[in-house]
Amino acid sequence: MTTANTTTATVARAKKVVTDAAVDAATTTQGTVKQAAETTAAAAQDAVTKNYEQAVALTKEQVEKASKKAFEAYEELTAFNKETVDALVLSSTVLAKGLENLSKSFVAYAQSSLESSVSATKALLAVKTLREAVDLQSEFAKTSFDTLVSEATKTSELSVKLANEAIEPISARVNAVVTKFGKPRLAA
């Protein structure tokens, strides 16, 4: 029985060695797996943090670029509008001066016409015959009509000139608007 006991004891020891080795291997594997999982989790957390920080930095950069472009566009539009207001002021000034000159011309014509009428009336009162009165009246009518046509032509020419001078600054701004905003702008 000694051999049977020895065999049983040897088998029992072999089982214990195999079991201990399996437990050691499982413990070692479990530790390795746990360490690998912790390393993977830490690496994933670092990658997520790094990607988040990059996304935040990129977003911040894009917002700064967009804000800068918006402010530049606002400043450009403000300057452009100032030039438009300046053109309107210049046009209004030219128009006011021209209307003042036209008014002076009208007043001068009215005064001249009134003086001619007074002079013609005095001459009519001094005539001695009906023929003189008719001749004087005909001459006065002809002179008055010629003066009226001359003044109307002069006023018409002054009005056209005034309109062209007054519209010139506005026309220049319209051309600037068409040039600036009529063409598609390239994205910068």
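The structure we're discussing is the one just above.
Along each chain, residue indices are assigned from 1 in the same order as the chain's sequence is written. Only residues with pLDDT of at least 70 are given local features in this predicted model, and only at 80 or more are side-chain atom pairs given and counted; all residues enter the totals for whole chains, interfaces and linings. Only hydrogens and water are set aside when side-chain values are computed; all heavy atoms of the structure are taken into account.

Colleague: Would you explain the overall build of the protein in this entry?
Modeller: A run of DSSP states H or I qualifies as a helix once it reaches four residues; a run of E qualifies as a strand once it reaches two. Both are numbered from the N-terminal end. Of the regular secondary structure elements, the protein holds two helices and zero strands. Throughout this description, buried means an accessible area under 20% of the type-specific maximum (1.4 Å probe, protein chains only), exposed means over 50%, and partly exposed covers the range between. Looking at the protein residue by residue over its 188 residues, the buried ones come to 7%. The contact rule is simple, with two residues in contact once any of their heavy atoms fall within 4.5 Å. In the protein, once contacts between residues fewer than 6 apart in sequence are set aside, the share between residues at least 24 apart is 81%. For the protein, the computed accessible surface area is about 15000 Å², with 65% contributed by carbon and sulfur atoms. Each accessible area value is a Shrake-Rupley result obtained with a 1.4 Å probe; residue values ignore everything except the protein chains displayed when judging cover.

Colleague: I would appreciate a short explanation of helix α2 (residues 130–181) in the present structure.
Modeller: At 3.6 residues per turn, the α-helix brings residues three or four places apart onto the same side. Multiplying 1.5 Å by the helix residue count minus one yields the expected span of that helix. The end-to-end C-alpha distance of α2, which contains 52 residues, comes to 74 Å, matching closely the 76 Å that a straight helix rising 1.5 Å per residue would cover. Considering bend angle alone, the principal kink of α2 is centred on E168 and spans about 40°; proline P169 follows within four residues of it. All buried positions along α2 are accounted for by A133, E151, T155, L162, A166, P169 and R173. To get the bend at a given residue, fit one axis to the seven residues ending there, fit another to the seven starting there, and take the angle between those axes.

Colleague: Which parts of the structure should I look at to understand the pattern of salt bridges?
Modeller: Oppositely charged side chains can pair when the atoms bearing their charge come close. Salt bridge, as applied in this entry: a Lys or Arg side-chain nitrogen positioned within 4 Å of an Asp or Glu carboxyl oxygen. Going through the model one piece at a time under the given rule, you end up with eight salt bridges. A salt bridge links E100 to K104; the shortest N-O distance between them is 3.4 Å. Taken as a pair, E100 and K104 lie in helix α1 (residues 2–126) at a separation of four residues, close to a single helical turn. The salt bridge partner of D135 is R131, with a shortest N-O separation of 3.5 Å. Of this pair, D135 and R131 both sit in helix α2, separated by four residues, roughly a single helical turn. Judged by relative accessible area, D135 falls into the partly exposed class, the value being 39%.

Colleague: In this structure, what is going on with a nonpolar patch on the surface? I would like to understand it.
Modeller: Patch members must show over 30% relative accessible area and no salt bridge, and they are joined within 9 Å when carrying like charges or within 5 Å when they are nonpolar side chains of Val, Leu, Ile, Met, Phe, Trp or Tyr. Together, L77, V177 and F181 make up an exposed nonpolar region whose accessible area comes to about 250 Å². Using a relative accessible area of 44% as the deciding quantity, one classes F181 as partly exposed.

Colleague: Sorry, what's going on with the packing of aromatic side chains here?
Modeller: For any two aromatic rings, the description comes down to two numbers: the centre-to-centre distance and the angle of the planes. The pairing test for Phe, Tyr and Trp rings, Trp by its six-membered ring, is centres within 6.5 Å, and the orientation test on the planes gives stacked under 30 degrees, edge-to-face over 60, and tilted for anything in between. Here the structure, examined in full by the defined rule, presents zero aromatic pairs. Taking the ring centre of F80 as reference, the NZ or CZ of R173 above it sits at 4.3 Å. Think of it as a cone above the ring: NZ of Lys or CZ of Arg counts as a charge over the ring if it is within 6 Å of the ring centre and within 35 degrees of the ring normal.

Colleague: I keep staring at the side chain of E151 and nothing clicks. Help me out?
Modeller: When you line up the elements, E151 lands in helix α2. K154 provides the closest opposite charge to the buried, unpaired E151, separated from it by 4.2 Å. Not counting residues up to four positions away in its chain, the partners in contact with E151 are S105 and Y109. Working convention for charge: Lys and Arg count positive, Asp and Glu count negative, and His plus the chain ends are omitted.

Colleague: I would appreciate a short explanation of the side chain of S91 in the present structure.
Modeller: In this structure, S91 sits in helix α1. Excluding residues within four positions of it along the chain, S91 makes contact with A166, I167, P169 and I170.

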